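Overview (structure and organization)
Spelled out from the first residue to the last, the chains are:
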Amino acid sequence: MFVLQILFLAWLSLSLIKEMFFLNLISIKAKRGLSASLLFYFLFAIFYVQPSSFSIIFFLFPCGFLLFLFFFLKRQEEKNLLFQLGSLILPLESGMKSGLSFLNAWQKSLKEIKLKKIKDKLQNFTQVFQYQKEFHYPEDKQVEIFIKDLILIYQSSHPLKRLQHLRRKVKIELAFRVKSQRALLQVRWQSGILCFFYIGLLAWTVTAHGQKYISLILSSLLLFTIGLIWILKTGRQMKWSV
């Protein structure tokens, strides 16, 4: 049973790596590196970790890490899409000032984008401007709001003027976002490193001592989780002036 559990978790971890590769979240080089590291990790664990009811935590760690990496990369992809949308405002405005319609200026701006995946996503929004009255983008609320603003510009009788207003709005929001992310980056990095070492220490303690200190382990895990949630919640509630 213990070996079957290990094989299942190894298969699950490899599946997460393949899924990230198929979604173009990681390169082929990163896929090979993660797969090789995962294989080495499980081989090491099989030979050195003694089977017990708690040692399975040691094998759950790669799955948790890869799951976190998957959602993190997906989030970064949506942020890159939002950033690319913001960078289209100036060429879109320049094209409209030269006499092009909104759609023609939009298509011309898309030709300058080099990343095919981002370009294909933005190209899909062209049909939204022409035919779709109601637009929803559940992957990212900010992208949805941005596209709705562009739809209103496309439907407006004074699109260039509204586009200039949108450019000023994006400039203010970008300044705030950069300032807030810089302030939170250090806290997030420290929290991530702390989590990494804590999980490693927890896995070693469980595999080495089993249920001997189970009450202390559970108390430690509870306090650590409460502290981490408090740190992240406090960071989100902080306010900065633009």
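Residues numbered from 1 in each chain as written. Predicted model: local features only at pLDDT ≥ 70, side-chain atom pairs only at ≥ 80, totals over all residues. Heavy atoms only, no water.

Topic: the overall build of the chain
Operational definition: Only runs of H or I of at least four residues qualify as helices and only runs of E of at least two qualify as strands under DSSP, and these elements are numbered from the N terminus. With a 1.4 Å probe rolled over the protein chains alone, any residue whose accessible area is under 20% of its type maximum counts as buried; one over 50% counts as exposed, and the rest are partly exposed. Throughout, a residue-residue contact means that at least one pair of heavy atoms, one from each residue, lies within 4.5 Å. To be clear on the numbers: accessible area is Shrake-Rupley with a 1.4 Å probe, and residue cover counts the displayed protein chains and nothing else.
Along the backbone of the chain there are nine helices and zero strands. Listed by position from the N terminus, the elements making up the chain come as α-α-α-α-α-α-α-α-α. Counting all 242 residues of the chain, 32% fall into the buried class. A separation threshold of at least 6 residues defines the contact pool for the chain, and within that pool the share at least 24 residues apart is 60%. Summed over all atoms, the accessible surface of the chain reaches about 16,400 Å², with 67% contributed by carbon and sulfur.

Focus on the pattern of salt bridges
Where side chains of opposite charge bring their charged atoms close, a pairing between them can arise. Threshold: Here, a salt bridge means any side-chain nitrogen of Lys or Arg that lies within 4 Å of a carboxyl oxygen of Asp or Glu.
In total, this model carries five salt bridges according to the counting rule given. Ionic pairing is found between Glu 93 and Arg 167, a salt bridge with its closest N-O pair at 2.7 Å. Of the two residues, Glu 93 sits in helix H4 (residues 89–97) while Arg 167 sits in helix H8 (residues 159–209), which places them 74 residues apart along the sequence. Overall, Arg 167 belongs to the partly exposed group, its relative accessible area being 29%. Between Asp 149 and Lys 169 there is a salt bridge, with the nearest N and O atoms lying 3.1 Å from each other. Pair noted here: Asp 149 is in helix H7 (residues 141–155) and Lys 169 is in helix H8, with a separation of 20 residues, a long-range link. Among the residues examined, Lys 169 registers a relative accessible area of 34% and is labelled partly exposed.

Some thoughts on the packing of H4 against helix H5 (residues 102–110)
Between two packed helices, both the angle of their axes relative to each other and the distance between the axes serve to describe the pair. Here is the rule we go by: Note on geometry: axes are lines fitted to C-alpha atoms, helical ones only across the stretch in contact, with angles between N-to-C directions running from 0 to 180 degrees. Working definition: roughly parallel below 35 degrees, roughly antiparallel above 145 degrees, roughly perpendicular at 65 to 115 degrees, and oblique for all remaining angles. In this scheme the handedness of a crossing depends on how the near helix is turned from the far one: anticlockwise by less than a right angle means left-handed, clockwise means right-handed. For this classification, the nonpolar set comprises Ala, Val, Leu, Ile, Met, Phe, Trp, Tyr, Cys and Pro, the charged set comprises Asp, Glu, Lys and Arg, and every other residue, Gly included, is treated as polar.
Put simply, H4 and H5 touch, their axes get as near as 8 Å, and they point 135° apart. Between H4 and H5, the interaxial angle falls into the category oblique. The chirality of how H4 crosses H5 is right-handed. Taking contact as the criterion, the partners of Pro 91, Leu 92, Gly 95 and Met 96 in H4 are, on H5, Phe 102, Ala 105, Trp 106 and Ser 109. Along the lines of polarity and charge, the residues of the contact of H4 with H5 split into six nonpolar, two polar and no charged.

Remarks on the nonpolar core
Stated precisely, the cut-off is as follows: What is meant by a nonpolar core is a set of buried Ala, Val, Leu, Ile, Met, Phe, Trp, Tyr and Cys residues, joined one to another through side-chain atoms within 4.5 Å.
Counting residues in each nonpolar core, the largest one holds 29 residues, and the members touching the most others are Trp 106, Leu 122, Phe 125, Phe 129, Ile 147 and Leu 150. Of all the elements in the fold, those that place two or more residues in this core are helix H3 (56–87), H4, H5, helix H6 (116–131), H7 and H8. The biggest single contributor to this core is H7, with six residues. If sequence neighbours within four positions are ignored, Ile 147 has contacts with Leu 85, Phe 125, Val 128, Phe 129 and Phe 135. Counting residues in each nonpolar core, the second largest holds 17 residues, with Ala 10, Leu 38, Phe 42 and Phe 70 among its members.

What to know about the environment of Ile 231
Tracing the sequence through the fold places Ile 231 in helix H9 (residues 214–237). When the C-alpha atoms of Ile 231 and Ser 191 are compared, they prove to be 8.3 Å apart, with 40 residues separating the residues in sequence.

Notes on the packing of H6 against H7
Their axes nearest at 9 Å, the elements H6 and H7 cross at an angle of 45°. As the angle between them shows, H6 and H7 are arranged oblique. The chirality of how H6 crosses H7 is right-handed. The residues of H7 that touch H6, namely those facing Phe 125, Val 128, Phe 129 and Gln 130, are Val 143, Ile 147, Leu 150, Ile 151 and Tyr 154. Residue composition of the contact of H6 with H7, grouped by class: eight nonpolar, one polar and no charged.

Observations concerning the confidence of the model for the chain
Close inspection of predicted coordinates is inappropriate for parts of the model with low pLDDT. This is how it is decided: For every residue, the predictor states its confidence as a pLDDT score lying anywhere from 0 to 100.
Averaged over all residues, the pLDDT of the chain equals 77, while 82% of them reach at least 70. H9 is the least confidently modelled element of the chain, averaging 72 in pLDDT, while H4 averages 87, the highest of any element.

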